[in-house]
Amino acid sequence: MDSNREHQPSAEANEPTRTFSPPGRVVLGTLLIALVFVVVLEFLVIISFVGQRLWRDPALTSDLGFTLPLLLWVAVAVLAVIGVLRVVTAWLHVDEKGFRLQGLCRSTLEAPWKDVARVIAVRDIDRGASPAEALDSGETSYDGVYLMDAHDHRMLAVSSRLFGDRAQETVLRHAENAGVPVDHYDAIRPRELRKQVPQALTFIDRHPNLLLLGLVVFYVFHNVYTFVVWGL
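Residues numbered from 1 in each chain as written. Predicted model: local features only at pLDDT ≥ 70, side-chain atom pairs only at ≥ 80, totals over all residues. Heavy atoms only, no water.

**Side note on the pattern of salt bridges**
A full pass over the atoms with the stated rule returns six salt bridges. Measuring nitrogen to oxygen at the nearest pair gives 3.2 Å for the salt bridge that ties Arg 118 to Asp 183. Here Arg 118 is found in strand β5 (residues 118–122), whereas its partner Asp 183 is found in strand β8 (residues 182–185), with 65 residues between them in sequence. Relative accessible area serves as the criterion here: at 18%, Arg 118 is assigned to the buried category. (Salt bridge = Lys/Arg side-chain N within 4 Å of Asp/Glu carboxyl O. Helix = DSSP H or I, 4+ residues; strand = E, 2+ residues; numbered from the N terminus. Buried < 20%, exposed > 50% of the residue type's maximum accessible area, 1.4 Å probe, protein only.)

Following this line, the structure appears as structure tokens:
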């Protein structure tokens, strides 16, 4: 772990406002993941509903237990659409005055550099084996760049996977030129990072495998329940 490594500002520090958005591969990947969640993992629900023409069944509007598989599928579809919109419409604006993150289905995050107390830049957060490790973001990127306020609450997390390496480097340059302290770490475990900066990582950041397990349990329950209630 190295918290004292120098980060040299470049001539681009005085660059004008930069706007970053998700690259094409992230957009395509997000759409593919949404398709998997809404169609592939819900295939039994869809073929049961369509194959049996259940929209004609009077129980669909009168029996909550009978309607529940459809309601859960609609909920999954709505959440997937919201997730896609949050990713593909995300715009990160960075300049010498501050930052602004905006997009559909998300609250706008905006603050001047004077409100940022410090920045935590971690090259590698060692979470052990997890699905996220399969997405190699490159040797030049940071696993996480976190902007913290005076109370050590996270204001913004800049991900190289969502906005790219240059977004992280631009944020770090402007922060340093604004006089914001930047702490660099080559490698750190989530538990150690949480001890030093409790609010830097969300619950999902710390336990990505728990989220995966929850999704598996939900889809198994949904499909088994659908089979029991609707049959094939």
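**As for the packing of aromatic side chains**
The final tally for this structure, using the stated rule, is seven aromatic pairs. Aromatic pair Phe 218 and Tyr 219: ring centres 5.2 Å apart, planes at 80°, arrangement edge-to-face. Judged by its relative accessible area of 9%, Tyr 219 falls in the buried class. Three or more aromatic residues joined by ring pairs form one cluster here, namely Phe 49, Trp 55, Phe 66 and Trp 230. Looking at Arg 123, its charged tip hangs above the ring of Tyr 142, at a distance of 4.1 Å from the centre. (Phe/Tyr/Trp six-rings, centres within 6.5 Å; stacked < 30°, edge-to-face > 60°. Lys NZ or Arg CZ within 6 Å of the ring centre and 35° of its normal.)

**Observations regarding the packing of helix α4 (residues 64–88) against helix α9 (residues 208–229)**
Running from amino to carboxyl end, α4 crosses α9 at an angle of 145°, the nearest separation of the two axes being 9 Å. Read as a crossing pair, α4 and α9 show a hand that is left-handed. Contact with α4, carried on its side by Gly 65, Phe 66, Leu 68, Pro 69, Leu 72, Trp 73 and Val 76, involves Phe 218, Tyr 219, Phe 221, His 222, Tyr 225, Thr 226 and Val 229 of α9 and no other residues of that element. The class makeup of the residues in the contact of α4 with α9 is 11 nonpolar, three polar and no charged. (Axes fitted to C-alpha atoms, helices over the stretch in contact; angles between N-to-C directions. Left-handed = near helix turned anticlockwise from the far one by under 90°. Contact = heavy atoms within 4.5 Å. Nonpolar A, V, L, I, M, F, W, Y, C, P; charged D, E, K, R; others polar.)

**Quick notes on the layout of surface pockets**
Computed from the structure, the second largest pocket encloses a volume of approximately 160 Å³. Lining the second largest pocket are Arg 189, Pro 190, Arg 191, Arg 194, Arg 206 and His 207. It is helix α7 (residues 190–196) that contributes the most residues to the lining of the second largest pocket, three residues altogether. Split into classes, the residues belonging to the lining of the second largest pocket amount to one nonpolar, one polar and four charged. (1 Å grid on protein atoms, 1.4 Å probe; cavity = no way out; pocket = protein on both sides within 12 Å on 5 of 7 lines; lining within 4 Å. Points joined across faces, edges and corners; volume = space filled by probe spheres on them.)

**Regarding the nonpolar core**
Among the nonpolar cores identified, the biggest contains 24 residues, and Leu 92, Trp 113, Val 116, Val 119, Val 145, Leu 147 and Val 158 are the most heavily contacted of them. Top contributing element to this core by residue count: helix α6 (residues 165–177), with four residues. When neighbours within four sequence positions are excluded, Val 158 is seen to be in contact with Leu 92, Gly 144, Val 145, Leu 147, Ala 167, Gln 168 and Val 171. Counting 11 residues, the second largest nonpolar core, distinct from the first, contains Met 148, Tyr 185, Ile 188 and Leu 193. (Core = buried A, V, L, I, M, F, W, Y, C linked by side-chain atoms within 4.5 Å.)

**Some points on the pairing of β5**
Of all five residues making up β5, five are buried, and the element is well covered by its neighbours. By the alternation rule, side chains of β5 split into Arg 118, Ile 120 and Val 122 and Val 119 and Ala 121, which are all buried. In this structure, β5 lies alongside strand β6 (residues 144–148), joined through five bridges in antiparallel fashion. Counterpart to Val 122 in the pairing with β6 is Gly 144. Of the pairings in the sheet, the one linking β5 to β8 comprises four bridges and is parallel in character. Residue pairing across strands places Val 122 opposite Tyr 185, the latter belonging to β8. (Pairing = 2+ DSSP bridges.)

**Looking at the side chain of His 222**
Mapped onto the elements, His 222 comes out in helix α9. The class for His 222 is buried, based on a relative accessible area of 0%. Within the structure, His 222 has its side chain in polar contact with the side chain of Glu 42 (distance 3.0 Å). Leaving out residues up to four positions away in the same chain, His 222 has contacts with Glu 42, Val 45, Pro 69, Leu 72 and Trp 73. (Polar contact = N/O pair within 3.5 Å; in protein donor to acceptor, adjacent residues only side chain to side chain.)

**Regarding the sheet that holds strand β2 (residues 91–94)**
Taken in spatial order, the four strands make up an open sheet running β1-β2-β3-β4, and their pairing is antiparallel. Edge positions in the open sheet fall to β1 (18–20) and β4 (109–112), since each of these has one partner strand only. Between one strand axis and the next, the sheet turns by 10° as a mean value, whatever way the strands run. Two strands pair when backbone bridges link them, and β1 and β2 are joined in this way by three bridges, in the antiparallel orientation. Residue Thr 19 lies in a different strand from β2, and its bridge partner there is His 93. Packed on one face of the sheet, α6 meets β1 and β2 and runs near 145° to β1.

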